[in-house]
Amino acid sequence: MPPSIEKTVARIKETVESGAYYEAQQMYKTSYHRCKARQQLLDAVTILQEGAITQLAHGQSTCGVELGLLLVEAYMSAAMPANADTVSRVLAIIRAFPLPTSTMAGAFLGQAAASSSSAQGAAVDEYARLVAAAVKWAYKSVNASSVLLRSRMASGQAVKLIEGVTSLCRSGAAISSSRIHSAFASYLWKSFGVEGIGRALLHFVRGDDHEEFARALHSCAEGGPKTEVDLWLLRALLQVLAAANSGNRMGQLAYATALHDAFISMSGSLETPTGHFAKLMLQALEHVAVSARAHDVFLLVRERYKDGVLRRDDTLEPLLQRVEGTFFNARHGGSAGGPLGDLFGNLFRTLTEAQ
């Protein structure tokens, strides 16, 4: 950070610490626009990053999010790519979101507790806006880059090259957005625990931290009936896989497999029909690229465990159909039909030999 910017940031920080949050906010924005007008974009976004973190550290959620959104807007307007440097600035702001401190104590304060909870909920909604904007930027930066490259390369060979580059860029955007989702999922889990798992799941399934996801699932499962431990894992695996698309499906599969293994290491072997189904489903999907019969196995696994597993929860079958559509390009899952015995075993031997 240049000395002049350090002085600017330090001066505004003193204003924040004095409690003049609105005045400080205007100073951050003015300094940002001055740097931007001088084409000093790096200095401009540094001011926004430092400002957002400082305001959040003082409990000024709205001010912090406003500066964070302005940073993402600057990325978008300048067509800045999602790379290690740009994403790290967004992550730094997300990790600065203040953890709730009065929620538990407020439980003893009656109406005051409800007011505190409402305020915290509004703050989380603000944080979610920033996360959504950052994820949108990560993907839009890839699309913009691929369009520009395509416009400059017209030959057949160049088109093949650009398709490869675009694929790599999409992978990079997926990684960037996964890191953003994981950071927010971690915040939600640390803030609200089991009570907030529903909202955290939306981000965990699109994230990349299988260890923390597994710990969260394990904690939730431990608080419920022992007979539903395997169901917690299966739901999560299907949600991860259902969040995949044609561009990142193998990455999501690797994430689901890592999540499965991490959860098993915490909970112990799940020798139940649901546990077996989860493992066999992952094995079938792992062979998509090496065996033409992977889809047949997938269908047979679903048929065999339809009554004993899939009917335990109405959400499982729709998720499984979406997974089938993404990994096998089959929008309507069908039944394998007929006796399963030897055919089931033979198909898995075929997949094992193909590996």
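See the structure shown above.
Residues numbered from 1 in each chain as written. Predicted model: local features only at pLDDT ≥ 70, side-chain atom pairs only at ≥ 80, totals over all residues. Heavy atoms only, no water.

## Things to note about the overall build of the chain
- Counting secondary structure elements, the chain contains 16 helices and zero strands.
- The long-range share in the chain, meaning contacts at least 24 apart out of those at least 6 apart in sequence, stands at 70%. (Helix = DSSP H or I, 4+ residues; strand = E, 2+ residues; numbered from the N terminus. Contact = heavy atoms within 4.5 Å.)

## Looking at the environment of Met250
- Tracing the chain through its elements places Met250 in helix α12 (residues 249-267).
- Residues Met250 and Val288 lie 38 residues apart in sequence; the distance between their C-alpha atoms is 9.4 Å.

## Quick look at helix α9 (residues 197-204)
- Residues of α9 that are buried include every one of Ile197, Ala200, Leu201, His203 and Phe204, and no others. Axial view of α9: buried residues confined to an arc of 165°, hence all on one face. (Buried < 20%, exposed > 50% of the residue type's maximum accessible area, 1.4 Å probe, protein only. Arc of directions from axis to C-beta.)

## Observations regarding the packing of aromatic side chains
- Applying the stated rule across the entire model yields 10 aromatic pairs.
- Ring plane angle 5° and centroid distance 6.1 Å describe the contact between Phe184 and Tyr187, whose orientation is recorded as stacked. Linking Phe184 with Tyr187, this pair stays in helix α8 (residues 156-192), spanning three residues, or about one helical turn. As far as the burial class goes, Phe184 and Tyr187 line up, both buried.
- Their ring planes at 40° and their centres at 6.4 Å tell us that Phe213 and Tyr255 sit as a pair that is tilted. Linking Phe213 in helix α10 (residues 210-222) with Tyr255 in helix α12, this pair joins segments that are 42 residues apart in sequence.
- Through a chain of ring-to-ring contacts, the aromatic side chains of Phe97, Tyr127, Phe184 and Tyr187 assemble into a single cluster. (Phe/Tyr/Trp six-rings, centres within 6.5 Å; stacked < 30°, edge-to-face > 60°.)

## Details of the pattern of salt bridges
- Within the structure shown, the criterion is met by 10 salt bridges.
- Of the charged contacts, one joins Arg235 and Asp313 as a salt bridge, the two residues approaching to 2.6 Å between their closest N and O atoms. With Arg235 in helix α11 (residues 229-242) and Asp313 in the loop between α14 (294-304) and α15 (316-328), this pair connects stretches of sequence that are 78 residues apart.
- A salt bridge links Asp307 to Arg311, with the shortest nitrogen-to-oxygen separation between them at 3.0 Å. Taken individually, Asp307 and Arg311 each receive the classification exposed, so the pair is uniform in this respect.
- Several salt bridges converge on common partners, so that one network encompasses Arg302, Glu317 and Glu324. (Salt bridge = Lys/Arg side-chain N within 4 Å of Asp/Glu carboxyl O.)

## Some words on unusual backbone geometry
- In this structure, Gln39 is a non-glycine residue whose phi angle is positive, near 65°.
- The topology assignment puts Gln39 in the loop between α2 (21-37) and α3 (41-57).
- Within the chain, Ala79 stands out as a residue other than glycine whose phi angle is a positive 55°.
- As for its position among the elements, Ala79 is in the loop between α4 (61-77) and α5 (84-94).

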